[in-house]
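Residue strings, one per chain:
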Amino acid sequence: MQPITTSFFGQSLISIGQFNSIAPVLDLFSTADKMRTVIEKREIFEPLRGKAVAILFYQPSTRTFTSFHAAATRLGAYVIDIQEMGQYSSAAKGESLEDTMQTIEQTVAADLIILRHPEDYSSQIAADTVSLPIVNAGSGKAEHPTQALLDLYTIYQKFGRIDNLHVAMVGDLKYGRTIKSLAKLLALSGSNNRLTFVAPKELAAPDELLKDLGSNVKITCKEELNGTLAEADVVYMTRVQREWFEKEGKLDRYEQLKNQFILTRHLAGLMPADSIIMHPLPRVGEIMQEVDDDPRAYYFKQMRSGLYVRMALLARILCQEI
Ligand code: NCD
């Protein structure tokens, strides 16, 4: 994996592990701020005119797909998208990921591919196969780097800092990919950040993640949520990922684990007034709808950050200067 330099130009984004420091991320955030102005003022800003972006999704998506699509289109790119690659591409006939990537490079004359795929190493495989930049829009259980970027951007907007924060990550920390990417990004963001991982034993953060995070961040692992709420700046809820239980033939365990942590209005009320509740969404019961009116509920605002950050990322990868 190539380390990411500040320019981003011509580079793939496969994993948060590509960042050696937080500087390129902060730089990207300043471009995201510009994109916010473009959107808010409804300016026409089309630096990607003449460029072709392919969005290829092998797994379901609402937010990631629409925000990438909107980002590329708003910037003036020609966009080709297939949302059900497993069903409507030749993958259904058994074509390999490598051959499909070669095909898209040729048939679309694509300048960039945005890929979501159930295999952990899919984006790396794609980047090794074609000579154009790949943006990982979710790879298996492993990584979701653009989600982490938009999450950190949201945190930065709210607190004005990315250091000295206590972030509680709650739910399915074993199968969920968003928390892995965000935890790595927070570890890079500041040496005074604290992470509290809250999950049932069976869904605890994998050892590999804990090893990756090393001593860059203070980590506590718990099986109980209540005590953490009063101390956290951010409570990052996640759903228990049914699809992986299904794949492993363990749906009965899913049923037993799915309702372990439910954020109610009462529990949200235990959080500090200045804290926020985040969620990559979709939620399937772990945040009650009654919490939506709470000023600490940030999961809908968080989505808009995705548009700005993804616009910034596409523009930076495809344009030498913007
Ligand atoms: C997440 C994903 O796909 O990993 N969704 C998203 O991109 N916002 C989270 C999830 O599916 O639980």
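All values reported here derive from a predicted model rather than from experimental measurement.

Draft legend 1. Layout of the packing of helix 1 (residues 23-40) against helix 13 (residues 301-318). The contact between helix 1 and helix 13 brings their axes to 8 Å, and the two run at 115°. For the element pair helix 1 / helix 13, the angle class is roughly perpendicular. When the axes of helix 1 and helix 13 are compared, the crossing they make is right-handed. Of the residues in helix 13, those in contact with Asp 27, Leu 28, Thr 31, Ala 32, Met 35, Arg 36, Val 38, Ile 39 and Glu 40 of helix 1 are Arg 304, Leu 307, Tyr 308, Val 309, Met 311, Ala 312, Leu 313, Ala 315 and Arg 316.

Draft legend 2. Region of interest: the site of the ligand. In the vicinity of the ligand, the residues found are Thr 64, Arg 116, His 144, Gln 147, Arg 177, Thr 178, Arg 239, Gln 241, Pro 280, Leu 281 and Pro 282. In this structure, Arg 116 approaches the ligand through a side-chain N or O atom, which is 3.0 Å from an oxygen atom. One nitrogen or oxygen atom from the side chain of Gln 147 is found 3.2 Å from a nitrogen atom belonging to the ligand. Across the complex, the protein chains shield 92% of the 320 Å² of accessible surface that the ligand would expose by itself.

Draft legend 3. Expanded view of the pattern of salt bridges. Counted under the stated rule, the structure contains 15 salt bridges. For the salt bridge of Arg 194 with Glu 231, the shortest nitrogen-to-oxygen distance reads 3.5 Å. Remark: Glu 231 occurs in the loop between helix 9 (226-229) and strand 8 (234-237) and Arg 194 occurs in strand 6 (residues 194-198); sequence separation between them is 37 residues. Measuring nitrogen to oxygen at the nearest pair gives 3.0 Å for the salt bridge that ties Glu 248 to Lys 250.

Draft legend 4. Representation of the sheet that holds strand 5 (residues 166-170) within the structure. Pairing in this open sheet of five strands is parallel, and the strands run 7-6-5-8-9 from one edge to the other. Because the sheet does not close on itself, it has two edges, and the strands there are strand 7 (218-222) and strand 9 (276-278). Direction aside, the axes of adjacent strands within the sheet are offset by 20° on average. As paired elements, strand 8 and strand 9 share three bridges and run parallel to each other. Within strand 9, the position partnered with Val 235 by the bridge is Ile 277. Lying over the sheet, helix 7 (residues 178-189) contacts strand 5, strand 6 and strand 8, oriented at roughly 165° with respect to strand 5.

Draft legend 5. Representation of the domain arrangement of the chain in the model. When cut into domains, the chain gives domain 1 (16-143) and domain 2 (145-303). Taking the mean C-alpha position of each, domain 1 and domain 2 sit 25 Å from one another. With 26 residues of domain 1 in contact, the opposing surface of domain 2 contributes 23 residues. Taking both partners together, domain 1 and domain 2 bury about 2200 Å²; carbon and sulfur atoms supply 64% of that area. Interface area lost by domain 1 to domain 2 is led by Ile 16, Arg 63 and Lys 141, which between them contribute 32%. Among the salt bridges present, the one from Glu 143 reaches Lys 184, with a minimum N-O distance of 2.9 Å. Inspection of the region where domain 1 meets domain 2 yields eight residue pairs in polar contact (both at pLDDT 80 or more). Residue assignment for the side of domain 1 that touches domain 2 shows that the elements contributing at least two residues are helix 1, helix 2 (63-74), strand 3 (112-117) and strand 4 (134-139). When residues in the side of domain 1 that touches domain 2 are grouped by element, the largest group, seven residues, is from helix 1. Looking at the side of domain 1 that touches domain 2 residue by residue, the classes come out as twelve nonpolar, eight polar and six charged.

Draft legend 6. Structural context of the packing of aromatic side chains. Per the counting criterion, the structure on display carries seven aromatic pairs. Centroid distance Phe 29 to Tyr 156: 6.0 Å. Interplanar angle 35°. Geometry classified as tilted. Of this pair, Phe 29 sits in helix 1 while Tyr 156 sits in helix 6 (residues 145-159), placing them 127 residues apart in sequence. Here a set of aromatic residues connected by ring pairs shows up, and it is made of Phe 29, Tyr 153 and Tyr 156. Above the face of the Phe 159 ring, Lys 158 is positioned so that its terminal group lies 5.8 Å from the ring centre.

Draft legend 7. Main features of the sheet that holds strand 4. Pairing within the open sheet is parallel, and its four strands lie in the order 2-1-3-4. The sheet terminates laterally at strand 2 (78-82) and strand 4, the two strands that pair on one side only. Each neighbouring strand pair of the sheet contributes to a mean axis angle of 10°, computed without reference to strand direction. Strand direction decides the pairing type here: strand 1 (residues 52-57) and strand 3, joined by five bridges, are parallel. When the sheet's bridge partners are listed, Phe 57 is paired in strand 3 with Arg 116. Across the sheet, helix 4 (residues 97-107) touches strand 1 and strand 3, and the angle it forms with strand 3 is around 150°. Across the sheet, helix 13 is in contact with strand 1, strand 3 and strand 4; its angle to strand 3 comes to roughly 135°.

Draft legend 8. Quick peek at the nonpolar core. The biggest cluster of nonpolar side chains holds 76 residues, and the ones touching the most others in it are Ile 114, Met 169, Leu 195, Phe 197 and Leu 314. Here the element with the most residues in this core is helix 13; it accounts for ten residues. Each of two domains, domain 1 (16-143) and domain 2 (145-303), supplies a minimum of three residues to this core. Ignoring sequence-local partners within four residues, the contact set of Phe 197 consists of Met 169, Leu 173, Ala 183, Ala 205, Leu 209, Leu 210, Leu 213, Ile 219, Thr 220, Cys 221 and Lys 222. One finds Leu 263, Leu 267, Ala 268 and Met 271 within the second-largest nonpolar core, a separate group that totals 19 residues.

Cut-offs and rules
Residues numbered from 1 in each chain as written. Predicted model: local features only at pLDDT ≥ 70, side-chain atom pairs only at ≥ 80, totals over all residues. Heavy atoms only, no water. Axes fitted to C-alpha atoms, helices over the stretch in contact; angles between N-to-C directions. Helix = DSSP H or I, 4+ residues; strand = E, 2+ residues; numbered from the N terminus. Parallel < 35°, antiparallel > 145°, perpendicular 65-115°, else oblique. Left-handed = near helix turned anticlockwise from the far one by under 90°. Contact = heavy atoms within 4.5 Å. Near = heavy atom within 4 Å. Polar contact = N/O pair within 3.5 Å; in protein donor to acceptor, adjacent residues only side chain to side chain. Areas by Shrake-Rupley, 256 points an atom, 1.4 Å probe, with all protein chains shown as cover. Salt bridge = Lys/Arg side-chain N within 4 Å of Asp/Glu carboxyl O. Pairing = 2+ DSSP bridges. Domains from an automatic or database assignment. Buried area = accessible area lost by both parts, 1.4 Å probe. Nonpolar A, V, L, I, M, F, W, Y, C, P; charged D, E, K, R; others polar. Phe/Tyr/Trp six-rings, centres within 6.5 Å; stacked < 30°, edge-to-face > 60°. Lys NZ or Arg CZ within 6 Å of the ring centre and 35° of its normal. Core = buried A, V, L, I, M, F, W, Y, C linked by side-chain atoms within 4.5 Å. Buried < 20%, exposed > 50% of the residue type's maximum accessible area, 1.4 Å probe, protein only.

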